[in-house]
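What follows is each chain in one-letter form.
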Amino acid sequence: MRSIKILATAALLLVLLQSCDKNVFYTAERDVDEKGWNMNDRLNYDIDVEDTLQLFDFYIDVRNSLHYDKANAFLFINTTFPDGSVAYDTLECPLADVEGHWYGRRTGRYVDSRFIFRKHVVFPHSGHYHFEVAHGMRDTNVVGIKSIGMRVECLGRATSIQK
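On a predicted model such as this, the values are computed, not experimentally measured, just so you know. Along each chain, residues carry numbers from 1 onward, in the same order as the chain's sequence is written. Given that this is a predicted model, residues contribute local features only at a pLDDT of at least 70 and side-chain atom pairs are listed and counted only at 80 or more, while totals for whole chains, interfaces and linings are drawn from all residues. The basis for the side-chain values is all heavy atoms of the structure; hydrogens and waters are excluded.

> It is not clear to me how the overall build of the protein chain should be interpreted in this structure. Could you clarify?
On a plain count of helices and strands, the protein chain comes out with one helix and 11 strands. Counting every position in the protein chain, which comprises 163 residues, the buried fraction comes to 34%. Long-range pairs, those at least 24 residues apart, make up 79% of the contacts in the protein chain between residues at least 6 apart in sequence. Only DSSP runs of H or I with at least four residues qualify as helices, and only runs of E with at least two residues qualify as strands; both kinds are numbered from the N terminus onward. Any residue under 20% of the maximum accessible area for its type is buried, any over 50% is exposed, and the rest in between are partly exposed; the area is computed with a 1.4 Å probe on protein chains only. The contact criterion used is simple: two residues touch if any of their non-hydrogen atoms lie within 4.5 Å.

Now the structure itself:
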């Protein structure tokens, strides 16, 4: 009887956890070399898209150590579209205020921050999208960034698309 209750509780918990992120279309996190993130090292993310009528929000997640010695991070994000064209973007990620207080959520030795990269966008073509992320800081090697994540949330069908 006790094992049935445990199984039922575990099943209910699993269902509740899955329903929390129902709108997540894609999520991935890439660790950075703990010795430092070299400016030539690219983090890669790949997304396959079939539906071009859905609206999405794109987020970049930054996890840095408490020993990261800068107040921000600049990221270069290159997007390769299914037709081979490439878009180049720069994202500024403010991580701390001028007094050094972290903006993100502190968890132990790390600080987790989420930044909007693109809001209310549609994928213009169905097919394979490739994203490359590199740091855009002045230092060749950046120490203190633990990982960079990409999260894409589905907002539902686009009712009208502006060109």
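Structure's up, so let's keep going.
> Would you explain the sheet that holds strand S3 (residues 43–49) in this entry?
For sheets, the rule is that strands pair by backbone hydrogen bonds, running either parallel or antiparallel. Only when DSSP finds a minimum of two bridges between them are two strands counted as paired. Reading across the sheet, the four strands line up as S3-S9-S5-S6 and stay open at both edges, with antiparallel pairing between neighbours. Either end of the sheet is taken by a strand with one partner, and the two such strands are S3 and strand S6 (86–94). Mean inter-strand twist for the sheet, computed between neighbouring axes without regard to direction, equals 20°. Judged from the seven bridges that link them, S3 and strand S9 (residues 127–135) form a sheet pairing that is antiparallel. By the bridge assignment, Leu-43 is partnered in S9 with Val-133. Between the N-to-C directions of two axes lies an angle of 0 to 180 degrees, each axis being a line fitted to C-alpha atoms and, for a helix, fitted only over the stretch in contact.

> Which parts of the structure should I look at to understand the side chain of Asp-112?
Turning to its location among the elements, Asp-112 is positioned in strand S8 (residues 110–121). We classify Asp-112 as buried; its relative accessible area is 17%. Polar contact criterion, stated in full: a pair of N or O atoms within 3.5 Å, where within protein one must be able to donate a hydrogen and the other to accept it, and residues adjacent in sequence count only if both atoms are side-chain atoms. Here the side chain of Asp-112 touches Arg-63 through a polar contact of 2.6 Å, side chain to side chain. Excluding residues within four positions of it along the chain, Asp-112 makes contact with Val-62, Arg-63, Gly-104, Arg-105 and Thr-107.

> Could you clarify how one ought to interpret the packing of aromatic side chains in this entry?
A ring pair, where both rings are aromatic, is described by two values, the distance of the centres and the angle of the planes. The criterion for an aromatic pair is that two Phe, Tyr or Trp rings (for Trp, the six-membered ring) have centres within 6.5 Å, with stacked assigned to planes under 30 degrees apart, edge-to-face to planes over 60 apart and tilted to the rest. Counted by the stated rule, this structure contains eight aromatic pairs. Judged by centre distance (5.0 Å) and plane angle (65°), the rings of Phe-56 and Phe-123 are edge-to-face. A residue pair is termed long-range when its members are at least 10 positions apart, and Phe-56 in strand S4 (residues 54–65) and Phe-123 in the loop between S8 and S9 qualify at 67 residues. Residue classification places Phe-56 among the buried positions, given a relative accessible area of 2%. By relative accessible area, which is 4% here, Phe-123 ends up buried. Summarising the aromatic geometry, the rings of Phe-81 and Tyr-129 are spaced 5.6 Å apart at their centres and angled 70° between planes, so their arrangement reads as edge-to-face. Of this pair, Phe-81 sits in the loop between strand S5 (72–80) and S6 while Tyr-129 sits in strand S9, and the two are 48 residues apart along the sequence. By way of ring pairs, the aromatic residues Phe-25, Phe-56, Phe-58, Phe-81, Phe-117, Phe-123, Tyr-129 and Phe-131 are connected into one cluster. Here, a charge over a ring means that NZ of Lys or CZ of Arg falls within 6 Å of the ring centre while also lying within 35 degrees of the ring normal. One Lys or Arg, Arg-114, reaches over the ring of Tyr-59 and ends 5.8 Å from the middle of that ring.

> Looking at this structure, how should I read the side chain of Asp-89?
Topologically, Asp-89 is positioned in strand S6. A polar contact of 2.4 Å, which involves the side chain of Asp-89, links it to the side chain of Arg-118. With residues up to four places along the chain from it excluded, the contact list for Asp-89 reads Leu-75, Phe-76, Ile-77, Phe-117 and Arg-118.

> Is there a simple way to explain unusual backbone geometry in this structure?
Excluding glycine, residues mostly carry a negative phi; peptide bonds, for their part, are mostly trans. Phi at His-120 is positive, roughly 55°, even though this residue is not glycine. Along the polypeptide, His-120 turns up in strand S8.

> Would you mind going over the sheet that holds S8 with me for this structure?
The five strands are arranged S1-S11-S4-S8-S7 in an open sheet whose pairing can be described as antiparallel. Every interior strand has two partners, whereas the edge strands, strand S1 (24–31) and strand S7 (105–107), have only one. Adjacent strand axes in the sheet meet at a mean angle of 20°, parallel and antiparallel pairs treated alike. As defined by bridge partners, S4 adjoins S8 across nine bridges and the pair is classed as antiparallel. By the bridge assignment, Phe-58 is partnered in S8 with Arg-118.

These results come straight from atomic positions and should not be treated as a statement about function.
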